[in-house]
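Fold and contact review
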Amino acid sequence: MSAVRAARIAAAAAIPGELVLAGCLAAGVRPPGWVTAGAEALVLGVLLLEARVLYALRRRTGSWGEAVRTVVPEPVRRLLLHELRACASLGRWVARRPHGVRPGDLAAAYTGPQTAMMYGLLFVSLIETVGLALLIPWPAVHRVVLVFDVYGVLLVLALHAACVTRPHVVRPDGTLRIRYGALFDLTVPPDAVASARVDRRYPEGRLVGLSDDGVLDLIVGSQTTVTLELNSPLDFRRPLGARARARTVRFHADDPRALVTALRQPPSPAA
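What you see is a predicted model, and the numbers here were worked out from it, not measured in a lab. (Residues numbered from 1 in each chain as written. Predicted model: local features only at pLDDT ≥ 70, side-chain atom pairs only at ≥ 80, totals over all residues. Heavy atoms only, no water.)

**Side note on helix α7 (residues 256-264)**
As a reminder of what qualifies: Each residue is assigned to one of three classes by its accessible area relative to the maximum for its type, calculated with a 1.4 Å probe on protein chains only: buried under 20%, partly exposed between the two thresholds, exposed over 50%. Numbering of helices and strands starts at the N terminus; helices are DSSP runs of H or I of at least 4 residues and strands are runs of E of at least 2. For this quantity, the arc is that covered by the directions from the helix axis to the C-beta atoms. Residue contacts follow a heavy-atom distance rule, with two residues in contact if any of their heavy atoms lie within 4.5 Å.
The set of residues buried in α7 consists of Pro256, Leu259, Val260, Ala262 and Leu263. Along the long axis of α7, the arc covered by the buried residues comes to 160°, so they all point the same way. Relative to its buried face, α7 has exposed residues pointing more than 90 degrees away, namely Arg257 and Arg264. Tucked into the core, α7 has its buried residues touching β1 (106-108), β2 (168-170), β3 (176-180), β5 (193-201), β8 (224-237) and β9 (243-251).

**Some points on a nonpolar patch on the surface**
Here is the rule: In this scheme, patches are assembled from residues that exceed 30% relative accessible area and form no salt bridge. Like charges are connected within 9 Å, while nonpolar side chains (Val, Leu, Ile, Met, Phe, Trp, Tyr) are connected within 5 Å. Note on areas: these come from Shrake-Rupley sampling with a 1.4 Å probe, and a residue is covered only by the protein chains present in the view. A pair is scored as a salt bridge if a Lys or Arg side-chain nitrogen falls within 4 Å of a carboxyl oxygen belonging to Asp or Glu.
A cluster of nonpolar side chains, contributed by Phe123, Val124 and Ile127, occupies part of the molecular surface with about 300 Å² of accessible area. With respect to the helices, strands and loops of the structure, Ile127 is situated in helix α5 (residues 112-135).

**A closer look at the sheet that holds β8**
As a reminder, the rule being used: The pairing criterion for strands is at least two bridges between them, as found by DSSP. Angles shown run from 0 to 180 degrees and are taken between the N-to-C directions of axes, each axis being a line fitted to C-alpha atoms and, for helices, limited to the stretch in contact.
Sheet architecture is open: five strands sit in the order β5-β8-β9-β7-β6, paired in mixed fashion. Whereas interior strands pair on both sides, the edge strands pair on one side only; in this sheet they are β5 and β6 (208-210). The mean inter-strand angle of the sheet, taken between neighbouring strand axes irrespective of direction, is 35°. Alignment of β8 against β9, held across eight bridges, turns out to be antiparallel. Its bridge partner being in β9, Asp235 is matched across the sheet by Arg245. Packed onto the sheet, α7 meets β5, β8 and β9 and runs at close to 175° relative to β5.

**Examining unusual backbone geometry**
One non-glycine residue with positive phi stands out, namely Arg96, at about 55°. Counting through the fold element by element, Arg96 comes out in the loop between α4 (74-95) and β1. On the basis of relative accessibility, which here comes to 75%, the residue Arg96 falls in the exposed class. Even without glycine at this site, Ser222 takes up a positive phi of about 65°. Note on placement: Ser222 falls in the loop between β7 (215-218) and β8. Among the residues examined, Ser222 registers a relative accessible area of 48% and is labelled partly exposed.

Encoded structure:
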């Protein structure tokens, strides 16, 4: 087995662990410490292997971009990019600088149903970190577990910060940008919207779900509050890069009436 193939297989093997961890955090479930440690240890090992193979390919091809595309599958690249963007959102959160919101835009928050859940999850994570620090008697093991626990706390904060600093956006020309943190981003042109209405639903399933009849659900706190009917199917990308099409989009906004009202208004002449 070549080194490149081994690196690609290792990178692909890390995807399920990262997806389960991110899904648990988004759903408000705190995995046991050993699960988090195992998942992140796997990712760390994969990163070290990737770095070694990337360096060799960089010397052979003369291009870092080509080396990365050769070794790292797109889902892994997108996962790492999501985490980097989420961590960068911590700075935006502190500075109160929302991402992608310009003067005249309506920023529509969607974190209401998950805020208490996220802070509860953060509290549990801190308690676990302190508890393990007191219970583990071996210094080396204690330091390793401490690093993973602190990273888990940082990941919870980063996920919430990304959602706070990346709200939905309605532009003056009627363009709608639907987001969930750094994981999902869909731009809906104004001429693509047939109708918009306040419609509270409680669908089951994962964060991003697509039914067989083309209904896209972007679920926050087990609910959606806005339904968009589209004039024609709209292409979008799932968090890991897969392409799909939706004819109806349902998502959550803390103030759905304000968002729907903004969508129904005629485009601003200045736009």
